[in-house]
2 protein chains.
Amino acid sequence: MAYNYRDIPQIVREILAAKAEDGGVKNVYFVGCGGSLGALYPAKVFVERESLGLKTGWINSNEFVHSTPKDFGKNSVLCVACHAGNTPETVAAAKLGKESGAAVVLLTYQEESEIAAFADYLLLYSFDSSSSAHTGDMDYAGEKTQCALQLAVELVNDTEGYEHYDAFYQGVERIGGIIRKAREQVADRAKAFAQEYKNDSFLYTMGSGASWASAYMESICIFMEMQWIHSACIHTGEYFHGPFEVTDCNAGFVVQIAEGSDRELDERCLRFLKKYAKRFEVLDAKELGLSTIDPSVVDYFNHSLFNNVYPIYNAALAEARQHPLSTRRYMWKVAY
Amino acid sequence: MAYNYRDIPQIVREILAAKAEDGGVKNVYFVGCGGSLGALYPAKVFVERESLGLKTGWINSNEFVHSTPKDFGKNSVLCVACHAGNTPETVAAAKLGKESGAAVVLLTYQEESEIAAFADYLLLYSFDSSSSAHTGDMDYAGEKTQCALQLAVELVNDTEGYEHYDAFYQGVERIGGIIRKAREQVADRAKAFAQEYKNDSFLYTMGSGASWASAYMESICIFMEMQWIHSACIHTGEYFHGPFEVTDCNAGFVVQIAEGSDRELDERCLRFLKKYAKRFEVLDAKELGLSTIDPSVVDYFNHSLFNNVYPIYNAALAEARQHPLSTRRYMWKVAY
């Protein structure tokens, strides 16, 4: 049976009920590879920041399987993400979860797949495969990142209470409308970005806090994987402790300015770039409308906004470079 | 009063005794900026993997101050690293720790500094400022990474027991000799590396597991900060999920092959590079002598080995590029 994000409160209640006689849920691990791992990052940050009692980890599937935390087992929730359901390392992680007695929550876009056999709960997320500004029926509240985040919120709320629970779900209701508007808002600037950066051989992305991983995903999944542009993702809090020395008038940066508690870190980088760099593109969550979400929870919504605005830039970049986003030289083509 | 690494068991016993009536130690946060943050990574991974009950986090100082985890307070240990004792963001983190009632353990190279006032325990680490292969009296068992790691081991052992405690301290005894020998071992290949890569404008570093951050530090502190070479650090488990698409005969990679449970992740990348890349430098912990440390604990010693072998490469690279490691354009020169 496949679930969707509206079932998450019920799924968490079931898991907690089932685990109660075994000592309850003590930890939650978010595990995946590449973009699927990145999408789980806001959920991990949520547990890290908001929970008093739950241990958490955000770990690449292959590392998780080879170096499994000692506390992983019957008191664990394992949240794995696997888009097509057949990434071997993530299949192995889910299998390990099943065998260890963890509650395995699988986030996937594929109802029937190799990994499904190891899922206690198979959660189908919504996914927008188009990169047009007009996204039709796409339900952003049910996308991968949101599913993991809502799982984290329910776990924390049901075990120890989460004071901003209602504000959080008001955010969930609003995020889709905000994203839709933001995608239209950046359409022209995305085209200008594509013209400016189409010949760059490397590009930096920058971010922080619960939305750091949307910068990570843009770097590894788009620039490196889909455009073969060398790239690195810089944490804005780390920028001044090494990375900023490469800043000059040639290097290209894509800078996320998050809304919420980490905004000051991002703004500090932007001030520096304005002074010492010449080529940077700004994605400002406030300017893109995220501030209608309550300040107590807004941190956790930056990722969904940025991650769904990037596709507009990516489509324009691919077009300007005449390098379709589907082009690969190794993936699906050679053994590795 | 300044302590050194030999005092760590006593420091942890004191902290646990002092916290006992307040509910004990429930979490340990490793906080710093740039290289000082990187050096704390093995300790965080140790707690994440080996502890059943302690929550842990590895967080940039500025993010920690702006988005402090809710559970941070009187049941916390805050381990901050600050080389010269005056990094403003880390001073702020230590101050927050002191005010929140956490036990603040400061790792520093400076006995008297701005941050010292906020430390419950000021731990002076050993530090090798030379980059020659002959390191004289340097006590590697007392370096920054080792101090944090030993703090983590003592915390876990004293609260819930650590079955490989004796093996771990045998490793501590051996690591210095292994590093010394390895530094001599790479002297010639470091010079060859410097000649091969001296004109590269972009270099990747790669690593995984508890030693991922030695690759991170090499990327941000050496290539970016000290050599102004664009750079990114790729997790070897993530490589096949995006980053590998940039692999070609021109890109340069420095690949750590760790000893221990994550070795297979690193070796898989190396096999791929051997097939599809032409320019990569390998740092193999096994070949560099780390295997004399017990397999149950060897994972946690890769970082110290790699991090202390890199300086030989770095000195050669700086020499070949006629770009001294102390050259900066922004750090210490402009306001930021």
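This text goes with the structure placed above it.
Keep in mind that what you see is a predicted model, and the values were worked out from it rather than measured.

Cut-offs used in this document
- Per-chain numbering applies: the sequence of each chain, read as written, is numbered from 1 onward.
- Just so you know, chain letters begin at A and ligand numbers begin at 1, following the order they were written in.
- For this predicted model, a pLDDT threshold of at least 70 governs which residues receive local features, and a threshold of 80 or more governs which side-chain atom pairs are given and counted, while totals over whole chains, interfaces and linings are taken from all residues.
- Computation of side-chain values: all heavy atoms of the structure, hydrogens and water removed.
- In what follows, residue pairs with any heavy atoms lying within 4.5 Å of each other are defined as contacts.
- By buried area we mean how much accessible surface two parts lose on assembly, using a 1.4 Å probe and totalling the loss over both.
- Any carboxyl oxygen of Asp or Glu within 4 Å of a side-chain nitrogen of Lys or Arg constitutes a salt bridge here.
- Two N or O atoms form a polar contact when they lie within 3.5 Å of each other; inside protein one atom must be a possible hydrogen donor and the other a possible acceptor, and for residues adjacent in sequence the pair counts only when both atoms belong to side chains.
- The nonpolar core is taken to be a set of buried Ala, Val, Leu, Ile, Met, Phe, Trp, Tyr and Cys residues, with the residues joined through side-chain atoms within 4.5 Å.
- Three labels apply to residues, based on accessible area from a 1.4 Å probe with only protein chains included: buried if under 20% of the type maximum, exposed if over 50%, partly exposed otherwise in between.
- Should DSSP find at least two bridges between two strands, the strands are taken to pair.
- Numbering goes from the N terminus for both helices and strands, where a helix is a DSSP run of H or I of at least four residues and a strand is a run of E of at least two.
- Every axis in this analysis is a line fitted to C-alpha atoms, fitted for helices over the stretch in contact. Angles between the N-to-C directions lie between 0 and 180 degrees.
- If the strands point away from the viewer and the path from the first strand over the helix to the second runs clockwise, then the crossover is right-handed.
- The method works on a 1 Å grid over the protein atoms by themselves. A cavity is a set of points holding a 1.4 Å probe that cannot get out, a pocket is an open set with protein on both sides within 12 Å along at least five of seven lines, and residues with an atom within 4 Å of a point line them.
- Grid points are joined across faces, edges and corners, and a volume is the space filled by probe spheres set on the points.
- Gly is put with the polar residues, along with every residue not named as nonpolar or charged; the nonpolar set is Ala, Val, Leu, Ile, Met, Phe, Trp, Tyr, Cys and Pro, and the charged set is Asp, Glu, Lys and Arg.
- Least squares is used to superpose the copies, and the fit set is the C-alpha atoms of residues whose pLDDT is at least 70 in both copies.
- Here a pair means two rings of Phe, Tyr or Trp (six-membered ring of Trp) with centres within 6.5 Å. Their orientation is stacked below 30 degrees between planes, edge-to-face above 60, and tilted elsewhere.
- By definition, being over a ring means that NZ of Lys or CZ of Arg is both within 6 Å of the ring centre and within 35 degrees of the ring normal.
- The reported arc concerns the directions from the helix axis to the C-beta atoms and nothing else.

**Q** Before we go on, may I ask you to explain the interface of chain A and chain B in this structure?
**A** Many descriptions give the size of an interface as the accessible area lost when the pieces come together. Between chain A and chain B, the contact holds 69 residues from the first and 69 residues from the second. Summed over both sides, the interface between chain A and chain B buries roughly 6000 Å², with carbon and sulfur atoms accounting for 53% of that surface. When the buried surface of chain A facing chain B is broken down by residue, Lys 70, Glu 245 and Tyr 330 of chain A rank first, second and third, together holding 13% of it. Linking Glu 63 of chain A and Arg 49 of chain B is a salt bridge whose minimum nitrogen-to-oxygen distance equals 3.3 Å. Joining chain A to chain B, the criterion identifies 48 residue pairs in polar contact (both at pLDDT 80 or more).

**Q** Before we go on, may I ask you to explain the nonpolar core in this structure?
**A** The nonpolar side chains of soluble globular proteins are, as a tendency, buried together. In this structure, Leu 107, Tyr 239 and Phe 253 of chain A together with Leu 107, Tyr 239 and Phe 253 of chain B are the most contacted members of the largest nonpolar core, which totals 207 residues. In this structure Phe 253 of chain B touches Tyr 197, Tyr 204, Met 206, Ile 234, Tyr 239, Thr 247, Leu 273, Ala 277, Arg 279, Phe 280 and Glu 281 of chain B, once residues within four positions along its chain are discounted.

**Q** In this structure, what is going on with the sheet that holds strand 7 (residues 202–207) of chain A? I would like to understand it.
**A** Backbone-to-backbone hydrogen bonds join strands into a sheet, with any given pair of strands oriented parallel or antiparallel. Residues and elements named next belong to chain A. If you trace the four strands from one edge of the open sheet to the other, you get 8-7-9-10, paired in parallel fashion. Two strands in the sheet have a free side with no partner beyond their single neighbour: strand 8 (230–235) and strand 10 (279–284). This sheet shows a mean twist of 20° between the axes of neighbouring strands, independent of strand direction.

**Q** Would you take a moment to explain the pairing of strand 9 (residues 252–257) of chain A for this structure?
**A** Regular strands place side chains that alternate from one sheet face to the opposite one. All names here are of chain A. Taken across its six residues, strand 9 has six buried, putting it largely inside the fold. In strand 9, alternate side chains face the same way, and those of Gly 252, Val 254 and Gln 256 on one face and Phe 253, Val 255 and Ile 257 on the other are all buried. Sheet analysis places strand 7 next to strand 9, joined by three bridges and oriented parallel. The residue bridging Met 206 from the neighbouring strand is Val 255, located in strand 9. You can see the chain leave strand 9, run along helix 10 (residues 263–276) and come back into strand 10, and the turn it takes is right-handed.

**Q** Explain the pattern of salt bridges here, please?
**A** Close approach of charged atoms allows side chains of opposite charge to pair. Tallied over the full model, the rule gives 32 salt bridges over all chains. The partner of Asp 139 of chain A in a salt bridge is Arg 6 of chain A, with the nearest N and O atoms 3.7 Å apart. Residue Asp 139 of chain A is found in the loop between strand 6 (121–124) and helix 6 (144–160), and its partner Arg 6 of chain A is found in the loop between strand 1 (2–3) and helix 1 (8–19); the two are separated by 133 residues along the sequence. Residue Asp 139 of chain A is classed as partly exposed on the basis of its relative accessible area, which comes to 29%. Here the salt bridges share partners, and the residues they tie into one network are Arg 49, Asp 262 and Asp 299 of chain A together with Glu 63 of chain B.

**Q** What is the right way to look at empty space enclosed by the protein in this model?
**A** In this approach the atoms are scanned with a rolling probe the size of a water molecule, which exposes any empty space left behind. The full count for this structure, using the stated rule, is seven cavities of 30 Å³ or more. Lining the largest cavity we find 44 residues, and of these Trp 58 and Trp 212 of chain A together with Trp 58, Trp 212 and Tyr 216 of chain B sit closest to its centre. Counting residues per element, the ones that place at least two in the lining of the largest cavity are helix 3 (41–50), strand 3 (55–60), helix 9 (212–226) and strand 8 of chain A together with helix 3 (41–50), strand 3 (55–60), helix 9 (212–226) and strand 8 (230–235) of chain B. When the residues that make up the lining of the largest cavity are grouped by side-chain class, the tally is 25 nonpolar, eleven polar and eight charged.

**Q** Quick question: what am I supposed to make of the relation of the copies chain A and chain B here?
**A** In this structure, two copies of a chain are linked by a rotation about an axis accompanied by a shift along it. The transformation that overlays chain A on chain B combines an axial shift of 0.0 Å with a rotation of 180°, and the residual RMSD is 0.0 Å. These values place the two chain copies in the arrangement generated by a two-fold rotation axis.

**Q** Even after reading the chapter, I still don't get the sheet that holds strand 5 (residues 103–108) of chain B, so can you show me in this structure?
**A** All names here are of chain B. With parallel pairing, six strands are arranged side by side in an open sheet as 1-6-5-4-2-3. Taken across any chain shown, the strands that pair with only one partner, and hence form the sheet edges, are strand 1 (2–3) and strand 3. When strand 2 (residues 27–32) meets strand 4 (residues 76–81), the two strands line up parallel, connected through five bridges. Paired with Phe 30 across the bridge in strand 4 is Cys 79.

**Q** Can you help me understand the packing of aromatic side chains in this one?
**A** By convention here, two paired aromatic rings are described through the distance between centres and the angle between planes. Within this structure, the stated rule accounts for 68 aromatic pairs over all chains. With a centroid separation of 5.7 Å and 40° between ring planes, the pair formed by Phe 244 of chain A and Tyr 330 of chain B is classed as tilted. Pair noted here: Phe 244 of chain A is in the loop between strand 8 and strand 9 and Tyr 330 of chain B is in the segment after helix 11 (302–321), and the two residues belong to different chains. When sorted by exposure, Phe 244 of chain A lands in the same class as Tyr 330 of chain B, which is buried. Lying across the ring of Phe 240 of chain A, Arg 268 of chain A places its NZ or CZ 4.0 Å from the centre. Its end group placed over the ring of Trp 228 of chain A, Arg 329 of chain A keeps NZ or CZ at 4.1 Å from the ring centre.

**Q** Sorry, what's going on with the environment of Thr 108 of chain A here?
**A** All names here are of chain A. Within the secondary structure, Thr 108 is located in strand 5 (residues 103–108). Classification of Thr 108 by relative accessible area gives buried; the value is 0%. Once residues lying within four places of it in the same chain are set aside, the contact partners of Thr 108 are Cys 82, His 83, Gly 85, Leu 122, Leu 123, Leu 124 and Tyr 125.

**Q** What's the story with the environment of Ser 214 of chain A in this structure? I'm lost.
**A** Residues and elements named next belong to chain A. Mapped onto the elements of the fold, Ser 214 is located in helix 9. By relative accessible area, Ser 214 is classed as buried at 0%. Note: C-alpha distance between Ser 214 and Phe 301 (87 residues apart in sequence) is 11 Å. Apart from the residues lying within four places of it in its own chain, the contact partners of Ser 214 are Gln 256, His 303, Phe 306, Asn 307 and Tyr 310.

**Q** Just to check I follow, could you spell out helix 8 (residues 187–197) of chain A for this structure?
**A** The periodicity of an α-helix, 3.6 residues per turn, causes residues three or four positions apart to be oriented the same way. All names here are of chain A. Along helix 8, the residues that are buried comprise Ala 190, Phe 193, Ala 194 and Tyr 197. Down the axis of helix 8, the buried side of the element spans an arc of 100°, and every buried residue falls inside it. Among the exposed residues of helix 8, those oriented more than 90 degrees off its buried face are Asp 188 and Lys 191. For helix 8, the elements touching its buried residues are strand 7, helix 9, strand 9, strand 10 and helix 11 (302–321).

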